[in-house]
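Okay, here's what each chain looks like letter by letter:
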Amino acid sequence: MFAPIWTLPSAKLLAGRHDRIMLSLMQDAPLLVSGILDHARRWHGNQEVVGHALEGGLHRQSYRATAARSCQLAHALTDLGAQIGTRIGIIAWNTHRHLELWYGVSGIGAVAHDINPRLSSQQLAYIIGHAHDEFLFVDITFAPLVAALRPQCPSVKHVVVMTDAAHQPEDLPGALIYEDLIAGQPETYDWPQLDERSANALCYTSGTTGNPKGVLYSHRSNVLHALGVSAKDGGNIGARDVILPAAPMFHANGWGIPYAALAHGAKLVFTGRHIDGPTLHSLIMEEGVTLALGVPTIALALLEEAERKGDVWPGLERFIIAGSAAPLSMIEAFDKRGVEVVHCWGMTETSPIGTSSAETARSAQGSHAERIAARVKQGRPVFGVDLKITASDGTVLPHDGQSIGALKVRGPWVLKQYFGAEGPAVDTDGWFDTGDIACIDEDGFMQITDRAKDLIKSGGEWISSVDLENMVCGYDKISQAAVIGVPHPKWDERPVVIAVANPETQVSQEEVLDFLKDKVAKLWLPDTVIFTDALPLGATGKVQKSDLRAQYADLLQSAAS
Ligand code: ADP
């Protein structure tokens, strides 16, 4: 029988010694998401959430108003029959209403289920059915999508369009209107004192292989994660920060930022539906953003826009890049603009923060160039997360910067079991196998060498696609690159580069290979460099290597001769 892992050590220690437990005399308040909202209302009530409204214009409201509207929504949900555990699907961009939903839904003990609208309609119907969503809150932009989807979603009893009556979309005639729903409801709510281990949010992985899998977060895991992601060596989030999450709230639990910002009173800046370079750039310039977060493709779009405009960001201090490896060239480009890249690693299954590239006293002693280069590593675990790398037989590998193995993780905000799954997703000691391959150096800095499925096997040796991408991006005529393993009749697989050149730049395959020649072992030298205008992006803005592998599967079939 599977036991909850985080009770194991104390359970072992105390077995048979109950007479000797000395209970503490400290208060025992459950860690609840409603507590974050109450704190924001009372102590950061004037702080703002600002963002592009889908109806047009920039919408601004205080945390006091956010709390009041979340309470109104909670009352409306209760009136409509939502209960503890009711799943509430959300298909929406980052907006103030989306934020209210997170708090209003969690507050009453229901479960906020963010759904990635970029998934295929088949996957969307699967997820909504699997979660058994009874409500579906949707942005006006997704009205046509939901209208088409609705017949495949028998669990859904209420569709609510997140707008006002003036903007009711024609596609969803019978749908409820968000603003009408909350109007006139009381602005306070006597939140239930739930068990902190009860579920508050649900997020599915993007399902690049097989059906998406649900990760069911708890109040406790999200409150602890909010503290972890805000810690100095995590996101370093505080009340003077202005945070621009360019990661959608439907990706990996919104990277925990909607909780962390309200917990610490940081201003939140939302992009609405436009997660692109120009929108990010203008919000950073106009709203005094100190911290932005996004995947590398978004970070690149922002850099390109700032370059085009020739602007200097007035207040941007940090950019948290996660989701895929940030190449050195990108970290350097931000550094030149006075912005520190904090390279983080995490997954939907880890809420998501696992590690951060924040420096230690020792690593900060290096030269500037060494310190920038060190940020290519995904870094050290934040407190609460434990890591190890293991060989294929399970042996734990040393932290020597050389040994490469399967990255395993555990902690109070790491999943134990997928939603609706039969058995645990972790081993008996609670370790979750991330599917990533990594090494850890003497100072505890972890570096992802690849996703297990992206590693390239050539002539019996492993080639890291991430390392090669990093090197190719170091060539100043290249803006983006993906390296994939392409089946080869003799070598099993060979690396092939798919690259995007800098705008208005001529570059040849020979130049790129020449650039790489003295940087890699001969075996690692890619067979071909293919130029393209854009790399295919998946539902969360990451480069979709599986698409590239399918597209170029036959490229080297005649190569043996
Ligand atoms: P999906 O599986 O839908 O892409 P996630 O965002 O949860 O959803 O993906 C987690 C994976 O993203 C990790 O297992 C890892 O492979 C990759 N990843 C996350 N952060 C980084 C990073 N900084 N560098 C390299 N890979 C990363």
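Summary of the structure given here.

Section: the packing of helix H2 (residues 33–43) against helix H9 (residues 257–264)
Reasoning step 1: The contact between H2 and H9 brings their axes to 7 Å, and the two run at 40°. In terms of axis orientation, H2 runs oblique to H9. Between H2 and H9 the crossing geometry is left-handed. Where H2 abuts H9, its residues Val33, Ile36, Leu37, His39 and Ala40 lie against Tyr259, Leu262 and Ala263.
Reasoning step 2: Of the residues belonging to the contact of H2 with H9, the class tally is seven nonpolar, one polar and no charged.

Remarks on the sheet that holds strand E17 (residues 386–390)
Reasoning step 1: The strand order across the open sheet built from four strands is E17-E18-E19-E20, with neighbouring strands paired in antiparallel fashion. The sheet is open, and its two edges are formed by E17 and strand E20 (446–451), each paired on a single side. Sheet twist, expressed as the mean angle between neighbouring strand axes with direction ignored, is 45°.

Looking at the pattern of salt bridges
Reasoning step 1: For the structure shown, the criterion picks out 29 salt bridges.
Reasoning step 2: Between arginine 69 and glutamate 179 there is a salt bridge, and its shortest N-O distance comes to 2.7 Å. Separated by 110 residues along the polypeptide, arginine 69 in helix H3 (residues 63–79) and glutamate 179 in helix H7 (residues 178–182) bring together distant segments of the chain.
Reasoning step 3: Judged by relative accessible area, arginine 69 falls into the buried class, the value being 15%.
Reasoning step 4: The partner of glutamate 305 in a salt bridge is lysine 309, with the nearest N and O atoms 2.9 Å apart. With glutamate 305 and lysine 309 both in helix H11 (residues 296–309) and four residues apart, the pair spans about one turn of that helix.
Reasoning step 5: Its relative accessible area of 5% is what places glutamate 305 among the buried residues.
Reasoning step 6: One salt-bridge network, in which partners are shared between bridges, spans Glu55, Arg69, Arg97, Glu100 and Glu179.

Focus on helix H5 (residues 121–131)
For the α-helix, the turn length of 3.6 residues means that residues three or four positions removed from each other point alike.
Reasoning step 1: Those residues of H5 that sit buried are Gln123, Leu124, Ala125, Ile127, Ile128 and Ala131.
Reasoning step 2: Residues of H5 that are buried sit in contact with strand E3 (87–91), strand E4 (111–114), strand E5 (135–138), helix H6 (143–149) and strand E8 (199–204).
Reasoning step 3: Within two residues after H5, histidine 132 carries a phi angle of roughly 55°, on the positive side.

Things to note about the pairing of strand E10 (residues 242–245)
Reasoning step 1: Burial along E10 is two-sided: Val242 and Leu244 and Ile243 and Pro245, pointing in opposite directions, are all buried.
Reasoning step 2: In the sheet, E10 pairs with strand E11 (residues 267–270) via two bridges, with the strands oriented parallel. If you follow isoleucine 243 over to E11, its bridge partner there is leucine 268.
Reasoning step 3: Where the polypeptide runs from E10 across H9 and back to E11, its parallel neighbour, the crossover connection is right-handed.

Some details on the site of the ligand
Reasoning step 1: Around the ligand sit 15 residues in total, of which Ser206, Cys344, Thr348, Asp436 and Arg451 are the nearest.
Reasoning step 2: One of the side-chain N or O atoms of aspartate 436 is found 2.6 Å from an oxygen atom in the ligand.
Reasoning step 3: The protein chains hide 93% of the 570 Å² of surface that the ligand would expose on its own.
Reasoning step 4: For the shell around the ligand, the element with the highest residue contribution is strand E14 (residues 340–346), accounting for four residues.
Reasoning step 5: Grouping the constituent residues of the shell around the ligand by class yields four nonpolar, eight polar and three charged.

Some details on the pairing of E14
Reasoning step 1: The buried fraction of E14 amounts to five of the seven residues, a majority that puts the element mostly inside the structure.
Reasoning step 2: In terms of strand pairing, strand E13 (residues 318–321) meets E14 through four bridges, oriented parallel. Looking at the pairing, isoleucine 321 lines up with histidine 343 of E14.
Reasoning step 3: One crossover worth recording links E13 to the parallel E14 by way of helix H12 (residues 328–336), and it is right-handed.

Points about the sheet that holds strand E2 (residues 58–62)
Remark on secondary structure: sheet strands pair via backbone hydrogen bonds, oriented parallel or antiparallel.
Reasoning step 1: Strands sit in the order E2-E1-E11-E10-E12-E13-E14-E15-E16 across an open sheet of nine strands; the sheet is mixed. The outermost strands of the open sheet, each flanked by one partner alone, are E2 and strand E16 (380–381).
Reasoning step 2: Bridge count for E10 against strand E12 (residues 291–294) is three bridges, and the pairing is parallel. Bridge pairing in E12 places isoleucine 243 opposite leucine 291.
Reasoning step 3: Docked against the sheet, H9 engages E10, E11 and E12, running at close to 145° with respect to E11.

Here's the deal with unusual backbone geometry
Reasoning step 1: Here the residue pair serine 351 and proline 352 is connected by a cis peptide bond, since its omega of 15° sits within 30 degrees of zero.
Reasoning step 2: Among the structural elements, proline 352 can be located in the loop between E14 and strand E15 (353–356).
Reasoning step 3: The phi dihedral of tryptophan 255 falls on the positive side, at around 55°, and the residue is not glycine.
Reasoning step 4: Within the element layout of this structure, tryptophan 255 appears in the loop between E10 and H9.

Considering helix H4 (residues 96–107)
Reasoning step 1: If you check H4, its first and last C-alpha atoms are 16 Å apart, about what twelve residues at 1.5 Å a residue would give, namely 16 Å.
Reasoning step 2: Taken residue by residue, H4 has His96, Arg97, His98, Leu99, Glu100, Leu101, Trp102, Tyr103, Gly104, Val105, Ser106 and Gly107 as its buried positions.

Description of the packing of H11 against H12
Reasoning step 1: Remark: H11 packs on H12, axes separated minimally by 11 Å, with the N-to-C direction vectors making an angle of 40°. The orientation of H11 relative to H12 falls into the category oblique. The hand of the H11/H12 crossing is left-handed. Every residue of H12 that contacts H11 at Pro296, Ala299, Leu300, Leu302 and Leu303 is listed here: Met330, Ala333 and Phe334.

Focus on the packing of aromatic side chains
Reasoning step 1: Across all of its chains, the model carries ten aromatic pairs by this definition.
Reasoning step 2: Here the aromatic rings of tyrosine 189 and tryptophan 191 are separated by 4.9 Å at their centres, their planes lie at 25°, and the arrangement is stacked. With respect to class, tyrosine 189 is no different from tryptophan 191; both count as buried.
Reasoning step 3: When the ring of tyrosine 475 is compared with that of phenylalanine 515, the centres are 4.8 Å apart and the planes differ by 40°; the resulting orientation is tilted. Highlighted residues: tyrosine 475 in the loop between helix H14 (465–473) and strand E23 (478–488) and phenylalanine 515 in helix H15 (residues 509–517), separated in sequence by 40 residues.
Reasoning step 4: Here a set of aromatic residues connected by ring pairs shows up, and it is made of Trp93, Phe142 and Phe250.
Reasoning step 5: We note arginine 380 situated over the ring of phenylalanine 445; from NZ or CZ to the ring centre the distance is 5.8 Å.

Definitions and limits used
- Residues numbered from 1 in each chain as written.
- Predicted model: local features only at pLDDT ≥ 70, side-chain atom pairs only at ≥ 80, totals over all residues.
- Heavy atoms only, no water.
- Axes fitted to C-alpha atoms, helices over the stretch in contact; angles between N-to-C directions.
- Helix = DSSP H or I, 4+ residues; strand = E, 2+ residues; numbered from the N terminus.
- Parallel < 35°, antiparallel > 145°, perpendicular 65-115°, else oblique.
- Left-handed = near helix turned anticlockwise from the far one by under 90°.
- Contact = heavy atoms within 4.5 Å.
- Nonpolar A, V, L, I, M, F, W, Y, C, P; charged D, E, K, R; others polar.
- Pairing = 2+ DSSP bridges.
- Salt bridge = Lys/Arg side-chain N within 4 Å of Asp/Glu carboxyl O.
- Buried < 20%, exposed > 50% of the residue type's maximum accessible area, 1.4 Å probe, protein only.
- Right-handed = clockwise from strand over helix to strand, strands pointing away.
- Near = heavy atom within 4 Å.
- Polar contact = N/O pair within 3.5 Å; in protein donor to acceptor, adjacent residues only side chain to side chain.
- Areas by Shrake-Rupley, 256 points an atom, 1.4 Å probe, with all protein chains shown as cover.
- Expected span 1.5 Å × (residues − 1).
- Phe/Tyr/Trp six-rings, centres within 6.5 Å; stacked < 30°, edge-to-face > 60°.
- Lys NZ or Arg CZ within 6 Å of the ring centre and 35° of its normal.

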